[in-house]
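# Residue-level structure breakdown
Below are the chains, spelled out letter by letter.
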Amino acid sequence: MMPAFAPGHRRLAIALLGSLAATPLFAADPQLKPGRDPGGTAVAVLADGFDYTKPELARVLARDGEGEAIAFDAVDGDHRPFAPTSTGTKTASTAASLGGVRIIAVRFAPKDRASLAKAIAFAAGTPARIALIPLDAETRGEIEVLRAAAARFKNMLFVASAPGLTGEERATNDTVENLVLLDSAGRNDAAAEAAARALGCGNGDRAGATGGERKRSFLDRAGSGGEPGNAPPGTDCKSAKPQQSEQR
């Protein structure tokens, strides 16, 4: 039975369960070349796109047995989540900056809740059990979609960052067992920096853990009193803090 949601959000919850229709690749998107899986914890990054032509991003993308990237574009409906200028490239690179993380790149359209729901549905069917979602001031309404997703996919941990969280939004960290909301304080890399500290440097994920168990482990490793995104980036594994990507 589907958990109860507010009437306005029920359609979003249903969308999370929908199948993903295959559509032709967009010719304008560059080819996502085969490569070797880098190993490590699979982390889904849900963002506005990725420039996977950059070697530093291509080498951290999760791959299947044929070397194809595990990726999806919920906007175009294909497996080339390309955007030359986006937050996704930097978020993914930062999350993998301390090693031990392989990225599942998923593009959705900002301010389109149905698109985000499709992106989450794809991520839930991949090896990733942790999803990072950088939001900005104009897309914070999508937090409601994340609450619905957390209720549906209990074995996953959703980590989102947004600027200027309200008291009600902060309270979500106490009321939803597998959702973490970080105040980005003007830096949309908050979720990625936290993931690098929690999963990099050989930490890894907890196999078989529930989303709630992942959340407790994630916050404990990321540190900073439950607001890991506020810790300064730029150091190496010895201090367990990530290198900040220079990509834009």
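The notes below deal with the structure included here. Note that the coordinates shown come from a computational prediction; the quantities given were computed from them, not determined experimentally.

Rules behind the numbers
Residues numbered from 1 in each chain as written. Predicted model: local features only at pLDDT ≥ 70, side-chain atom pairs only at ≥ 80, totals over all residues. Heavy atoms only, no water. Pairing = 2+ DSSP bridges. Helix = DSSP H or I, 4+ residues; strand = E, 2+ residues; numbered from the N terminus. Axes fitted to C-alpha atoms, helices over the stretch in contact; angles between N-to-C directions. Contact = heavy atoms within 4.5 Å. Buried < 20%, exposed > 50% of the residue type's maximum accessible area, 1.4 Å probe, protein only. Lys, Arg positive; Asp, Glu negative; His and termini not counted. Salt bridge = Lys/Arg side-chain N within 4 Å of Asp/Glu carboxyl O. Polar contact = N/O pair within 3.5 Å; in protein donor to acceptor, adjacent residues only side chain to side chain.

Right, let's get into the sheet that holds strand β1 (residues 41-47). Taken together, the 6 strands give an open sheet; going across it, the order is β2-β3-β1-β4-β5-β6, and neighbouring strands pair in parallel fashion. The open sheet has two free edges, formed respectively by β2 (71-73) and β6 (179-183), since each of these has just one partner strand. The average undirected angle you get between the axes of adjacent strands in this sheet is 20°. Here 3 bridges tie β2 to strand β3 (residues 101-107), and the two strands are oriented parallel to one another. From the neighbouring strand, D73 faces β3, where its bridge partner is R107. Along the sheet face, helix α8 (residues 211-222) touches β4 (130-134), β5 (157-162) and β6 and points at about 50° away from the line of β5.

Another point: helix α7 (residues 190-199). Counting along an α-helix, one turn takes 3.6 residues, and residues three or four places apart therefore face a common direction. Burial of α7 is extensive: 10 of the 10 residues sit out of reach of the surface. Taken together, the buried positions of α7 are A190, A191, A192, E193, A194, A195, A196, R197, A198 and L199. One or two residues past the end of α7 sits C201, with phi positive at roughly 55°.

With that settled, the discussion passes to the side chain of K215. Counting through the fold element by element, K215 comes out in helix α8. Despite its burial, K215 remains without a salt bridge, the nearest opposite charge being carried by D174 at 6.3 Å. Among the polar contacts made by the side chain of K215, one reaches the main-chain carbonyl oxygen of V176 at a distance of 2.8 Å. In contact with K215, not counting residues within four places along its chain, are L157, T172, N173, V176, E177, N178, L179 and V180.

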